[in-house]
Amino acid sequence: MTLTIVSLLPGLQNTNGDAENAAVLAARAKWAALAVQLVAVESHADLPDRVDAVVLGSGSDASLDSSRAVLLTMHDELRRWATEGVPMLAVGTGWELLSWGIERPDGTGIEGLGIVPGRAVPRRSRITGDLVVASPRFGILVGFENHSRDYVGAEGSPLGRVRVGSGNGRDSAQEGVVMGNVVGTHLHGPVLAKNPALADDLLGSAAARAGVEYRPGAQASVVDGYAEAAREAQLSRARAAASAMNP
Amino acid sequence: MRYAPAILVGRCVRFAARLRKPGGGSAVPGLIVNRIAPGYLKRTLSGFPQGLVVVSGSSGKSTTTKMLVAILRAHSVDVFTNPSTANISQGLTSALLERADWRGRVPGDVAVLEMDEGHGALVMQGVDARVVTLMNVMVDQIDRFHDSEMVAGMLGRIAARAGETVVVNADDAYLERLAGRVRPGVDVRRFGVSQDVLDSTTRGLGYTETTPERFEGDGVRVESVTGRGATISDGRSTVSIELPARGVHYAVDAAAAYATARAVLGDRFSADTAARALSEIPAVFGRGERVTVRGHEVEFVLVQNPASYQLNIDSITPGTEQLLFAMGSDVRDPSYFWPTDAASLGRVSIVSGSKAAEAALMLAYDGVVIDRVEPDLARALDDFLAAPAPGSGVKTIVFTADAMRRTRAHLGLRGAE
């Protein structure tokens, strides 16, 4: 049984390197001695027959319409994957496109695909910086955020509580959305490399659905040592910055 | 006379700064002059008899500026230029002060400035340029420049200051769109590569969006690149040049400098003189240079943004035995480096710098074997250089800008670029 990891629209949706999370899942599966293939999907024709995990990264606002147009051609597949429990990680504008919709400051909007609850709404100014989230399911998640919209409507099933940063904003003190095995988040870049617990949860679900067992390989523990050091460095910096702001 | 008091204060501050840090430059004199004489920078930049030339864009502006200055000087033009680190307003004013007389006047026929795309739009407010050259749009330092639209917007504001000519990279789709929007009366000149040159690159040109077709008609075109040799044609003449290092991006920089010099010099421009000046630019290795430190030959490779990162990593001979990879605090969020691929490095002896763990994480997912992670850069450098010389090749240090400055300081090397 070969696990198939799909990187959705890496051409349009990889501004912050989020699409690389698909490669992170594939590497960890390989280290666990599982057969795995990584498939880049830029159009419906690229879709493989079987899909075990999906990563959709963030793009620029200019590519929202073109990305949405491609995603609409696979609307049925996206709905089915979400319902069937295929692990999906959607980051930034990729996540926003899977929501009910995106509101623009001028009052116009983009209709989303309605895969996850909630919608993206304008915020006064762009937020960039450290984002630390305490998630009941995945532990402490560490990364960066960089977005110009807040997210409302995820209050019933957020990814976790914000420890440092803005997250969904609007005083919710929450970040992200989780629906089954679909995770939407503002944590961009190599979020799965930096948060191996999240990666292994998604990979564990993918493996279980495929009827194989996932146990992290030896190389994963070496690499996770680097992740731990990077997390510690960022956490102590973020804590220092946060305490300087709220003494 | 108007600026004499401010210049005097600036000079005194510079003297004081030199006492504190011998040999070092400082942005503080510029900061102070900008505060007490806010019009000085604008007025001086706009005041060169043959005008101001600005080079900006995500990548290649330092090399292009250097090449352009060399071409202009070879045509006997007296050029004022800024060191590449002095491209924000304080640094720029400090650089002007270095050359200014007591009234604040800076000698020179023409000023050629490398302009940071982020600060340039601000620095250029109220400054009139004659020619603005735009290199490319790449997403750079993600916490500063959020997306390509934003970079293009900033470059558009810099280009809007050009009174005579805007020189654009015709292979960059963002810049081509920008060229379509210049004010009436402003001339657009183009440079770029031939289809053959584009086809010869394994990863393309690295721009956020490359135009689907090569430009036709007037412009300066890189016709071929072979090793360190390149041919450039301007429609009338074709010249062969030697590049400072292998790489299509150096040929593109040379074409940009050539096209800009032609716009600045008009009838005075000589293709042969330009070719000679370009070929005489000293060779560089990788992105940086080769130096001898502590009895070893060491190659320095500077990586600044994803595109230069990929090009420079690719330029390192596969199988290089001893590599030190240092990522410093200038990389606040390493996310944007993740789409690059460093697998060709194979093995890295030491990963260091304040972002050592982030760098190690990224390299490990590229499949690179890491012998040691040592966040303390001074210790990493000492140990790296203390190890016996490699059997083949040279010790190679890959670093980001901040790690480069710290490396140079630790090794007692002058001129942190």
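Everything quoted here is computed from the prediction, not taken from an experiment.

Across its full length, chain A carries seven helices and twelve strands. Computed over the C-alpha atoms, the radius of gyration of chain A is 17 Å, within 12% of the 18 Å expected from 2.2 N^0.38 for a compact globule of 247 residues. Principal-axis analysis of the C-alpha atoms gives chain A an extent of 50 × 40 × 30 Å. Among the 247 residues that make up chain A, the fraction classed as buried is 53%. The long-range fraction of contacts in chain A, counting pairs at least 24 apart against all pairs at least 6 apart in sequence, stands at 68%.

Residue and element names in this part refer to chain B. Read from one edge of the open sheet, nine strands run β2-β3-β1-β4-β5-β6-β7-β8-β9, paired in mixed fashion. For this open sheet the edge positions go to β2 (79-81) and β9 (238-242), each flanked by a neighbour on one side alone. The average angle at which neighbouring strand axes cross in this sheet is 20°, direction not considered. On the sheet, helix α4 (residues 61-74) packs against β1 (52-56), β2, β3 (110-114) and β4 (129-134) and is oriented at approximately 165° with respect to β3.

Counting 112 residues, the largest nonpolar core has L25 and V54 of chain A together with V351, A360, L361 and L363 of chain B as the members making the most contacts within it. Top element by residues in this core is helix α13 (residues 356-365) of chain B. It accounts for nine residues. What L361 of chain B contacts, discounting residues up to four positions off in sequence, is A193, V223, Y226, A227 and A230 of chain A. Core analysis: the second largest hydrophobic core is formed by 88 residues, L155, V167, A254 and A259 of chain B among them.

Moving on, we come to the interface of chain A and chain B. The interface is formed by 24 residues belonging to chain A together with 19 residues belonging to chain B. Those elements that place two or more of their residues in the side of chain A that touches chain B are α1 (20-31), β7 (119-135), β8 (139-152) and α7 (218-245) of chain A. Broken down by element, the residue count for the side of chain A that touches chain B peaks at six residues, all from α7 of chain A.

Note that G391 of chain B resides in the loop between α14 (377-386) and β15 (395-399). Distance in space between the C-alpha atoms of G391 of chain B and D333 of chain B is 36 Å, their sequence separation being 58 residues.

A word on the UniProt feature "domain: CobB/CobQ-like glutamine amidotransferase" (unreviewed entry) in chain A. When the UniProt feature table is mapped onto this chain, "domain: CobB/CobQ-like glutamine amidotransferase" (unreviewed entry) is found at residues 35-195 of chain A. Span residues 35-195 of chain A is 18% helix and 40% strand, its end C-alpha atoms 22 Å apart.

A word on the UniProt feature "active site" (unreviewed entry) in chain A. Mapped onto the present numbering, the UniProt feature "active site" (unreviewed entry) falls on H188 of chain A. Along the chain, H188 of chain A falls in the loop between β12 (182-185) and α5 (191-194). Judged by C-beta crowding, with 29 C-beta atoms within 10 Å, H188 of chain A ranks as buried. Setting aside residues no more than four positions away along its own chain, H188 of chain A makes contact with N16, D18, S58, V91, G92, G143, F144, E145 and N146 of chain A together with S335 of chain B.

Residue and element names in this part refer to chain B. In space, the six strands of this open sheet follow the order β10-β11-β15-β12-β13-β14, with mixed pairing throughout. Strands with a single pairing partner mark the edges of an open sheet, and in this sheet they are β10 (289-293) and β14 (369-374). Averaged over all pairs of adjacent strands, the angle between their axes in this sheet comes to 25°, without regard to strand direction. Strands in contact with α13 are β12 (323-326), β13 (347-352) and β14; relative to β14, the strand with the most contacts, it is inclined by about 175°. With respect to the sheet, helix α15 (residues 401-411) is in contact with β10, β11 (296-302), β12 and β15, its orientation differing from that of β15 by roughly 130°.

With that settled, consider the pairing of strand β7 (residues 220-226) of chain B. Residues and elements named next belong to chain B. Examined bridge by bridge, strand β6 (residues 187-193) and β7 share three bridges and lie parallel to one another. When the bridges of β7 are listed, V193 appears paired with V222. Two strands pair when backbone bridges link them, and β7 and strand β8 (residues 229-233) are joined in this way by five bridges, in the antiparallel orientation. Within the sheet, the bridge partner assigned to T226 lies in β8 and is G229. Linkage of β7 to β8, two consecutive antiparallel strands, is achieved through a turn of two residues, within which G227 is found at a positive phi near 55°.

Quick notes on the rules
- Residues numbered from 1 in each chain as written.
- Chains lettered and ligands numbered in written order.
- Predicted model: local features only at pLDDT ≥ 70, side-chain atom pairs only at ≥ 80, totals over all residues.
- Helix = DSSP H or I, 4+ residues; strand = E, 2+ residues; numbered from the N terminus.
- Rg over C-alpha atoms; globule rule 2.2 N^0.38 Å.
- Buried ≥ 20, exposed ≤ 12 C-beta atoms within 10 Å, placed from the backbone.
- Contact = placed C-beta atoms within 7 Å.
- Pairing = 2+ DSSP bridges.
- Axes fitted to C-alpha atoms, helices over the stretch in contact; angles between N-to-C directions.
- Core = buried A, V, L, I, M, F, W, Y, C linked by C-beta atoms within 7 Å.
- UniProt positions renumbered as here; feature names shortened; annotations may be inferred.

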